[in-house]
Amino acid sequence: SLEDTLEALPQLLKRRQLLLEERERELEKRVAAFEKETGYMNMQQSHSDVLQLNVGGTFTAVLRRTLTSVEGSMLASRFSGRWDESLEKDADGNFFIDQPIHLFQPMMDYLRARNSETPLGPPVTSPEFENETQRRNFVRMVEYFGMTPGIYPTVMEICRGEPEKAEVSGHPNLGVSTSEWASFILGTKGHNRPITSFSVILGQVERGQFGWVRSGHFVRMLRPGDHKGVGEEKYSFGLDCCRGGLLYEGKFTKIEGLSFGKGTVIRCENKGERWLVNGRVIASSIALDETFQLPPDLQLYNLIPAFSGKGDFKICEVELDPLLSEYKSTQSHLSTK
């Protein structure tokens, strides 16, 4: 119907945008390989260049490789060296960045710290602000520059199954390839901004289950062998791709008309309040029918995304809560609680 088409349109556009972004990244890789092969980068500014910046009227200097260290970000593209002639500059030729220094400087310092991080040193944590207005403005600036995955990183980790049978990839290509059935979690690293939404692009997946778990319960121990998956375990709920429906602590609710194949995009928003498959809403807290109800008690706990299955899939479009009002002591959601 027209209403269904209009409702699905935003997600279809997001999916198309995601595919275009993947193609753009691939093109950039090919261009970079060509430039390296032909010696183009030797004629242009190298990543060891020291850039002179005018940040909102304050002068500072930074290595080019620091500003370009978050692959795929607008900041990395802007200062890649290909667009230097067209970038804004002040009267003295310094690159001009129209941001307050008290927001831009913490971002640069974080990137510097991350570039010099070592296994024996203390972990790098995301910038924090006592002032709530500054924190919100910082988050807004980070989002504008496309730096969220770098400044507020997310990581995947196996929590059930055989680690030697699974390959987990990190940013910017979060994903899993496992030859045995296993469970994984997606958590934050070095900051307290909760994950609120995510998308999964399926490869060849067997018995796929994707959803949310209560971190203190599901993550408590890594164990091999047979185990319950997302939606089967206590304090968990999710979408069961094998049976085509929703699981909540082992209770299954069938959703008619669902099919899952290679390339299927599953979108879960606002910690399970809204589910979409290939842009079509299949369930929401404003129930599409009387059979689905959002698990009420799980919303009282700290929830993190979790995935079970055998095969391969990718994670994308991860969204973090932009309105976290309290910044307590920074810790990873992957730690036991």
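Structure's up top.
Residues numbered from 1 in each chain as written. Predicted model: local features only at pLDDT ≥ 70, side-chain atom pairs only at ≥ 80, totals over all residues. Heavy atoms only, no water.

Participant: Could you clarify how one ought to interpret the packing of aromatic side chains in this entry?
Facilitator: For any pair of aromatic rings, the description consists of the separation of the ring centres together with the inter-plane angle of the planes. Applying the stated criterion across every chain yields a total of twelve aromatic pairs. Aromatic side chains Phe104 and Phe145 sit 6.0 Å apart centroid to centroid with 70 degrees between the ring planes, which places their arrangement in the edge-to-face category. In this pair, Phe104 is assigned in helix α5 (residues 101-115) and Phe145 in the loop between α6 (132-144) and α7 (148-151), connecting sequence segments 41 residues apart. A single burial state applies to Phe104 and to Phe145, both of which are buried. Through a chain of ring-to-ring contacts, the aromatic side chains of Phe184, Phe198, Phe210, Trp212, Phe307 and Phe313 assemble into a single cluster. Directly above the aromatic system of Trp181 lies the positively charged group of Arg207, at a separation of 3.6 Å from the ring centroid. One residue, Arg243, lies across the ring of Phe252, its end atom 4.4 Å from the ring centre. (Phe/Tyr/Trp six-rings, centres within 6.5 Å; stacked < 30°, edge-to-face > 60°. Helix = DSSP H or I, 4+ residues; strand = E, 2+ residues; numbered from the N terminus. Buried < 20%, exposed > 50% of the residue type's maximum accessible area, 1.4 Å probe, protein only. Lys NZ or Arg CZ within 6 Å of the ring centre and 35° of its normal.)

Participant: Would you mind showing me how to read α6 here?
Facilitator: At 3.6 residues per turn, the α-helix brings residues three or four places apart onto the same side. Helix length check: α6, at 13 residues, gives a terminal C-alpha distance of 18 Å against a target of 18 Å (1.5 Å per residue), a fit within 8%. Turning to α6, its buried residues number three or more, namely Arg135, Phe138, Val139, Met141 and Val142. Summarising the axial view, the buried residues of α6 lie within an arc of 165 degrees, below the 170-degree limit, and thus occupy one face. Exposed side chains of α6 directed beyond 90 degrees from the buried face belong to Thr133 and Arg140. The elements touched by buried residues of α6 are α5 and α7. Near the N-terminus of α6, the side chain that reaches the backbone nitrogen of Thr133, with its oxygen 2.8 Å away, is that of Asn131. Of the residues flanking the end of α6, it is Gly146, one or two places downstream, whose phi is positive at about 70 degrees. (Expected span 1.5 Å × (residues − 1). Arc of directions from axis to C-beta. Contact = heavy atoms within 4.5 Å. Polar contact = N/O pair within 3.5 Å; in protein donor to acceptor, adjacent residues only side chain to side chain.)

Participant: How do you make sense of the sheet that holds strand β1 (residues 50-55) when you look at a structure like this?
Facilitator: Either a parallel or an antiparallel arrangement is found when strands of a sheet pair, and the pairing is made through backbone hydrogen bonds. Read from one edge of the open sheet, three strands run β2-β1-β3, paired in mixed fashion. Both edges of this open sheet fall to β2 (58-63) and β3 (95-97), since each of them pairs with a single strand only. Looking at each pair of strands side by side, their axes are set apart by 35 degrees on average, direction ignored. Relative to β3, β1 runs parallel, the two being bridged by three bridges. The partner of Leu53 across the bridge, within β3, is Phe95. In the packing of α5 onto the sheet, contacts are made with β1, β2 and β3, and the angle to β2 comes to roughly 20 degrees. (Pairing = 2+ DSSP bridges. Axes fitted to C-alpha atoms, helices over the stretch in contact; angles between N-to-C directions.)

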